[in-house]
Amino acid sequence: MSKVRVHNLSMSIDGYVAGPHQGPDHPLGVGGHRLHRWVFATRSFREMHGLGGDGEAGIDDDFSAQGDHNLGATIMGRNMFGPIRGPWEDEQWRGWWGDDPPFHHPVFVLTHHPRSSLTMEGGTTFHFVTDGIEVALEQARQAADGRDVRIGGGASTIQQFLRAGLVDELHVVVVPILLGAGERLFDGVGDAVDALEMSEFVPSTEVTHVRFTRSTD
């Protein structure tokens, strides 16, 4: 059966996965870009985003590449799709990623406001789901056709899936920086994470990769 996965989720030492004051000028929050420097340098990330240069191989690149293995669909929150709030009065916004987003599969965006599906280049189609996480997951599983479903950001979206007990695998990348403010990953989750057990703990020269998997007991 396909898995529901959170992968390559960068988190500061003090538990933040995004900096404060997210918006058009700071999509990752103020200082949030520092969380992702490790992946920006990897070969797999640069190839996925069409960037020049070879990029770095090694532990970080191995984990980065695993994020797309056997992946058939992604679910994300509206905040990850863009800075627009409220009704979709201006549908010119088509995401942060340009005309050819790096997903290349169906993406389901959680929102309270209806919007028609948006077909992009390279096989990415954004579907906007107003009926909650369970409906989004059902649609994503159907679209994934037996492959895994990835839960993207932001923190609120991941927290909803954790609280509902729907995450099979959680890969957190601990980055040795302090942000001091922003969005914390485990706020409000409570004991919902008790069913997740650490299955990997792998340090690189830049970060530490920690993978949790759902207990079968």
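Described below are features of the structure shown in this document. (Residues numbered from 1 in each chain as written. Predicted model: local features only at pLDDT ≥ 70, side-chain atom pairs only at ≥ 80, totals over all residues. Heavy atoms only, no water.)

### Things to note about helix 3 (residues 59-66)
So, point 1. Listed in full, the buried residues belonging to helix 3 are Asp 60, Asp 61, Phe 63 and Ser 64. Projected down its long axis, helix 3 carries its buried residues within an arc of 165°, all on one side.
So, point 2. Residues of helix 3 that are buried sit in contact with strand 1 (4-12), helix 1 (37-40), helix 2 (43-48), strand 8 (169-175), strand 10 (196-203) and strand 11 (208-214). (Buried < 20%, exposed > 50% of the residue type's maximum accessible area, 1.4 Å probe, protein only. Helix = DSSP H or I, 4+ residues; strand = E, 2+ residues; numbered from the N terminus. Arc of directions from axis to C-beta. Contact = heavy atoms within 4.5 Å.)

### Some details on the sheet that holds strand 7 (residues 148-151)
So, point 1. Strand order in the open sheet made by the nine strands is 5-6-4-3-7-1-8-11-10, with mixed pairing throughout. This sheet does not close on itself; its edge strands, each paired only once, are strand 5 (118-119) and strand 10.
So, point 2. Bridge count between strand 5 and strand 6 (residues 125-129): two bridges; the pairing is antiparallel. Looking at strand 6, one finds that Thr 119 is bridged to Thr 125. (Pairing = 2+ DSSP bridges.)

### Some words on the packing of aromatic side chains
So, point 1. For the structure on display, the rule yields 10 aromatic pairs.
So, point 2. With 6.0 Å between their ring centres and 75° between their planes, Phe 81 and Trp 88 make a pair best called edge-to-face. Each member of the pair, Phe 81 as well as Trp 88, carries the same accessibility label: buried.
So, point 3. Consider the rings of Trp 93 and Trp 96, whose centres lie 5.0 Å apart with planes at 85°: the pair is edge-to-face.
So, point 4. A relative accessible area of 29% places Trp 96 in the partly exposed class.
So, point 5. Ring pairs connect the aromatic residues Phe 81, Trp 88, Trp 97, Phe 103, Phe 126 and Phe 128, which therefore count as one cluster.
So, point 6. Positioned over the ring face of Trp 88 is Arg 78, at 3.7 Å from the centre of the ring.
So, point 7. We note Arg 184 situated over the ring of Tyr 16; from NZ or CZ to the ring centre the distance is 5.4 Å. (Phe/Tyr/Trp six-rings, centres within 6.5 Å; stacked < 30°, edge-to-face > 60°. Lys NZ or Arg CZ within 6 Å of the ring centre and 35° of its normal.)

### Quick notes on helix 5 (residues 133-144)
So, point 1. With 12 residues, helix 5 should cover 16 Å at 1.5 Å per step; its first-to-last C-alpha distance of 16 Å lies within 8% of that length.
So, point 2. Restricting attention to buried positions, one finds in helix 5 the residues Ile 133, Ala 136, Leu 137, Ala 140 and Ala 144. The buried residues of helix 5 occupy one face: seen down the axis, they fall within an arc of 95°. Among the exposed residues of helix 5, those oriented more than 90 degrees off its buried face are Glu 134, Glu 138 and Gln 142.
So, point 3. At the C-terminal side of helix 5, Asp 145 shows a positive phi close to 55°. (Expected span 1.5 Å × (residues − 1).)

### Observations concerning unusual backbone geometry
So, point 1. Note that the residue after Gly 153, namely Gly 154, is joined by a cis bond; omega there is 0°.
So, point 2. Positioned with a positive phi, Asn 8 is a non-glycine residue whose angle comes to about 55°.
So, point 3. Mapped onto the elements of the fold, Asn 8 is located in strand 1.
So, point 4. In this structure, His 104 is a non-glycine residue whose phi angle is positive, near 60°.
So, point 5. With respect to the helices, strands and loops of the structure, His 104 is situated in the loop between helix 4 (78-81) and strand 4 (106-110).
So, point 6. On the basis of relative accessible area, His 104 is assigned to the partly exposed category, the value being 40%.

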